[in-house]
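# Structure assessment
The residues making up each chain are set out below.
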Amino acid sequence: MSDRLAVLPQYLLPKQALTALAGRLASARAGALTTAAIRRFVTRYGVDMHEAEQPDIAHYATFNDFFTRALRPGARPIAQADVVCPVDGAVSQLGAIERDQIFQAKGHHYSTTALLGGDSQLAAAFQDGSFATIYLSPRDYHRIHMPCDGRLLRMDHVPGALFSVNPLTARGVPGLFARNERVVCLFDTPLGRMALVLVGATIVGSMATVWHGQVNPPRTGQLRHWDYADQQITLRQGEEMGRFLLGSTVVLLFERGAVRFEPGWQALRPTRLGEAMARRP
């Protein structure tokens, strides 16, 4: 079966309704039922609770509390590197942006302009730059941390579809990451401008940032913009910047000549928050 045929049911599913339902269920305080659901999830996906700050499953009042759990201190040391990995997960793709084209999967590219919500002026800053796309599976830690020091310049909530973002869907849905709902965060860093894009997906109830809180819902269907250029919102390398409620994908964009990825970084490579990811050329 071709990848495109395999993902056909996703075009037909009521993804918005399923996501809204999942969000309500994940935030419900259902006592023993919540604990049982978390325990089943931990077993099904092999979640390592020894890494959690609170390893007792019964401690979590809601599934969302469990899913956005904190790690115990020291579980993810931050490497001495110009850029560290912002999440646990696996590399979907990474490499050079070819003019304005980002490689998604075999046979599929999408433009930086589309990813950044149609802002061609902002997209021009990343022409011939570098990108990294990292997929977070259900078993992973779902907070996102800063890959380098950065001062927040702006944030955009871009409405879109809610396809799954697993590897099969990346191969089967053209323009997936520029098609799904996303939160675009732009930072000024020692390496130049950096875009950190949180991509939504089916049953991702919400995305949040530390400076704003929950960004979605609401889902208004309109692009929403926040300008922080006149504020001093600065985050240090390794600090938490946001989180997903259920799994998804992060896309990083760097300006031309800003970074060189570490040897061995390639598609399908597992990643750990805080490990060395890239350096200045």
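Let me sum up the structure you'll find in this document. (Residues numbered from 1 in each chain as written. Predicted model: local features only at pLDDT ≥ 70, side-chain atom pairs only at ≥ 80, totals over all residues. Heavy atoms only, no water.)

A few words on the overall build of the protein chain. Regarding its fold elements, the protein chain presents nine helices and 18 strands. Residue burial in the protein chain is summarised as follows: out of 281 residues, 53% are buried. Restricting to contacts in the protein chain with at least 6 residues of sequence separation, those with at least 24 account for 76%. Counting only carbon and sulfur atoms, one obtains 52% of the accessible surface of the protein chain, whose full area is about 12,600 Å². (Helix = DSSP H or I, 4+ residues; strand = E, 2+ residues; numbered from the N terminus. Buried < 20%, exposed > 50% of the residue type's maximum accessible area, 1.4 Å probe, protein only. Contact = heavy atoms within 4.5 Å. Areas by Shrake-Rupley, 256 points an atom, 1.4 Å probe, with all protein chains shown as cover.)

Take the side chain of asparagine 180 next. Its location among the elements puts asparagine 180 in the loop between helix 9 (176-179) and strand 8 (182-189). Using a relative accessible area of 0% as the deciding quantity, one classes asparagine 180 as buried.

Here we come to the layout of surface pockets. Of the volumes computed, that of the second largest pocket is approximately 230 Å³. As for the second largest pocket, its lining consists of 17 residues, and the residues nearest its centre are Val91, Ser92, Gln93, Pro167 and Leu268. At the level of elements, strand 2 (89-96), strand 3 (101-105) and helix 8 (167-172) are the ones that each hand at least two residues to the lining of the second largest pocket. Looking at the lining of the second largest pocket element by element, the count peaks at four residues for strand 2. Of the residues belonging to the lining of the second largest pocket, the class tally is 10 nonpolar, five polar and two charged. (1 Å grid on protein atoms, 1.4 Å probe; cavity = no way out; pocket = protein on both sides within 12 Å on 5 of 7 lines; lining within 4 Å. Points joined across faces, edges and corners; volume = space filled by probe spheres on them. Nonpolar A, V, L, I, M, F, W, Y, C, P; charged D, E, K, R; others polar.)

By secondary structure assignment, the location of arginine 151 is in strand 7 (residues 150-158). Taking relative accessible area as the criterion, arginine 151 reaches 21% and is therefore assigned partly exposed. When the C-alpha positions of arginine 151 and isoleucine 233 are compared, they lie 5.7 Å apart, and in sequence the two are 82 residues distant. Apart from residues no more than four positions distant in its own chain, arginine 151 is found in contact with Leu186, Phe187, Asp188, Tyr228, Ala229, Gln231, Gln232, Ile233 and Thr234.

Ranked by size, the top nonpolar core spans 38 residues in total, and within it Phe187, Trp211 and Met241 carry the most contacts. Breaking this core down by element, the ones donating at least two residues are strand 2, strand 5 (130-135), strand 7, strand 8, strand 9 (192-199), strand 14 (240-245), strand 15 (249-254) and strand 18 (276-279). Sequence-distant contacts of phenylalanine 187, defined by excluding residues within four places in its chain, comprise Met146, Gly150, Arg151, Leu152, Leu153, Gly192, Arg193, Met194, Leu196, Trp211, Leu235 and Met241. Among the nonpolar cores identified, the runner-up in size contains 28 residues, and Ala125, Val158, Phe163 and Ala201 belong to it. (Core = buried A, V, L, I, M, F, W, Y, C linked by side-chain atoms within 4.5 Å.)

Evaluation of the coordinates by the stated rule reveals 10 aromatic pairs. Taking 6.1 Å as the distance between ring centres and 65 degrees as the angle between the ring planes, the aromatic pair formed by tyrosine 110 and phenylalanine 177 counts as edge-to-face. You can see tyrosine 110 sitting in strand 4 (residues 108-111) and its partner phenylalanine 177 sitting in helix 9, a full 67 residues away along the chain. Residue tyrosine 110 shares its accessibility class with phenylalanine 177, and that shared class is buried. Where phenylalanine 187 meets tryptophan 211, the ring centres are 6.0 Å apart and the plane angle is 80 degrees; that geometry is what we call edge-to-face. (Phe/Tyr/Trp six-rings, centres within 6.5 Å; stacked < 30°, edge-to-face > 60°.)

Moving on to the pattern of salt bridges. Applying the stated criterion across every chain yields a total of 12 salt bridges. A salt bridge links arginine 280 to aspartate 82; the shortest N-O distance between them is 3.9 Å. Separated by 198 residues along the polypeptide, arginine 280 in the segment after strand 18 and aspartate 82 in the loop between helix 5 (63-67) and strand 1 (83-84) bring together distant segments of the chain. Here arginine 280 falls in the partly exposed class, since its relative accessible area comes to 42%. A salt bridge links arginine 154 to aspartate 119; the nearest nitrogen and oxygen atoms lie 3.0 Å apart. Of the two residues, arginine 154 sits in strand 7 while aspartate 119 sits in the loop between helix 6 (112-115) and helix 7 (120-124), which places them 35 residues apart along the sequence. (Salt bridge = Lys/Arg side-chain N within 4 Å of Asp/Glu carboxyl O.)

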